[in-house]
Amino acid sequence: MRINETHRRVRVVGRGFSLVELAVVMVLVTLLAAVAVPALSGAAEARTLAGVAHVERDVAGARDLASHGGVRTWIRFSVAQQRYEAFVEQAENPGIANRLARIDPMRGGAFIQDFGGAEWGGLALTSASFDGGSELGFDWKGLPLAVSGSPLAFDGVLEFSNGRHVVVSANSGLASGQE
């Protein structure tokens, strides 16, 4: 027999997977899915909590701008549009009717924040109440104002779809997130 004939006689047989191998792979896939699903839902919850903290920081930022800049600032919350917008009154032409859109230092345009989307984890604003209105202002001392321009009589509350709240103290204007 020649060497070439020996090589021709060798049969290449495709090897499949055994039942045991398939079972092991299925168990591993199931274990990975069991670990991944809770981690993904935890990530969505973390995004909604971060969204509430973001709103809290923006309210604090409006308060700080008012007290450091010496002008009234406003935030208008809209449940229907799922957004909030920030405004600044003009020092030379004060009054809520003459306010201008606050410029967002990160984007360079009007300070408008929309809820929803992946970065917010589906977070929605369910209510905004500042002495019956949906606008919150801060005077030059950083004290909170109702849309009428008078000091807040009661703590203002923002409620979110994840059950969290941001409460703005009527006495100090400080915003705090709560469950």
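Now for a description of the structure that goes with this document.

1. Thoughts on the overall build of the protein chain
And then number 1: Looking only at helices and strands, one finds 2 helices and 10 strands in the protein chain.
And then number 2: Moving toward the C terminus, one meets the helices and strands of the protein chain in the order α-α-β-β-β-β-β-β-β-β-β-β.
And then number 3: The burial tally for the protein chain puts 31% of its 179 residues in the buried class.
And then number 4: If you take every contact in the protein chain between residues at least 6 apart in sequence, the share linking residues at least 24 apart comes to 54%.

2. A look at the environment of L136
And then number 1: Here L136 is to be found in strand 6 (residues 135–138).
And then number 2: In this structure the C-alpha to C-alpha distance between L136 and V168, which are 32 residues apart in sequence, comes to 9.2 Å.
And then number 3: The contacts of L136, once residues within four sequence positions are left out, are V59, T73, W74, I75, F77, F130, P144, L145, L152 and V168.

3. Observations regarding the sheet that holds strand 8 (residues 156–160)
Think of a sheet as strands paired side by side through backbone hydrogen bonds, with each pair either parallel or antiparallel.
And then number 1: An order of 5-8-9-10 is seen for the 4 strands of this open sheet, with the pairing classed as antiparallel. The open sheet is flanked by strand 5 (125–129) and strand 10 (175–178), the only strands paired with a single partner. The sheet shows a mean angle of 15° between the axes of neighbouring strands, direction not considered.
And then number 2: Pairing of strand 5 with strand 8, which is carried by 4 bridges, proceeds in the antiparallel orientation. Within the sheet, the bridge partner assigned to S127 lies in strand 8 and is E159.

4. Section: the pairing of strand 10
And then number 1: Sheet topology note: the strand 9 (residues 165–168)/strand 10 ladder contains 4 bridges and is antiparallel. Bridging across to strand 10, V166 finds its partner in G177.
And then number 2: Taking the residues between adjacent antiparallel strands as the criterion, strand 9 and strand 10 are bridged by 6 residues, where G173 takes a positive phi near 85°.

5. Section: the side chain of E89
And then number 1: The residue E89 is located in the loop between strand 2 (83–88) and strand 3 (100–101) in this model.
And then number 2: Of the side chains bearing the opposite charge, R72 lies closest to the buried E89, which forms no salt bridge; the N-O distance is 4.0 Å.
And then number 3: Polar contacts involving the side chain of E89 include one to the side chain of W74, which spans 2.9 Å.
And then number 4: Ignoring any residue separated from it by four or fewer positions in sequence, one finds E89 in contact with V71, R72, W74, P94, G95, I96 and R99.

6. Here we look at the pattern of salt bridges
And then number 1: This model, assessed by the stated rule, comprises 4 salt bridges.
And then number 2: The partner of E85 in a salt bridge is R76, with the nearest N and O atoms 3.2 Å apart.
And then number 3: For the salt bridge of E135 with R99, the shortest nitrogen-to-oxygen distance reads 2.7 Å. Of this pair, E135 sits in strand 6 while R99 is found in the loop between strand 2 and strand 3, placing the two residues 36 residues apart along the sequence.
And then number 4: For E135, a relative accessible area of 12% gives the class buried.

7. Remarks on the packing of aromatic side chains
And then number 1: Counting across every chain of the model gives 4 aromatic pairs.
And then number 2: Where F77 meets Y84, the ring centres are 5.4 Å apart and the plane angle is 35°; that geometry is what we call tilted. In this pair, the class of F77 matches that of Y84, namely buried.
And then number 3: Between Y84 and F115, the ring centres sit 5.7 Å apart and the planes meet at 50°, which makes this aromatic pair tilted. One end of the pair, Y84, is in strand 2; the other, F115, is in the loop between strand 4 (112–114) and strand 5, with 31 residues separating them in the sequence.

Here is what the cut-offs are and how they apply
Residues numbered from 1 in each chain as written. Predicted model: local features only at pLDDT ≥ 70, side-chain atom pairs only at ≥ 80, totals over all residues. Heavy atoms only, no water. Helix = DSSP H or I, 4+ residues; strand = E, 2+ residues; numbered from the N terminus. Buried < 20%, exposed > 50% of the residue type's maximum accessible area, 1.4 Å probe, protein only. Contact = heavy atoms within 4.5 Å. Pairing = 2+ DSSP bridges. Axes fitted to C-alpha atoms, helices over the stretch in contact; angles between N-to-C directions. Lys, Arg positive; Asp, Glu negative; His and termini not counted. Salt bridge = Lys/Arg side-chain N within 4 Å of Asp/Glu carboxyl O. Polar contact = N/O pair within 3.5 Å; in protein donor to acceptor, adjacent residues only side chain to side chain. Phe/Tyr/Trp six-rings, centres within 6.5 Å; stacked < 30°, edge-to-face > 60°.

Take it as geometry only, folks, not as evidence of what the structure does.
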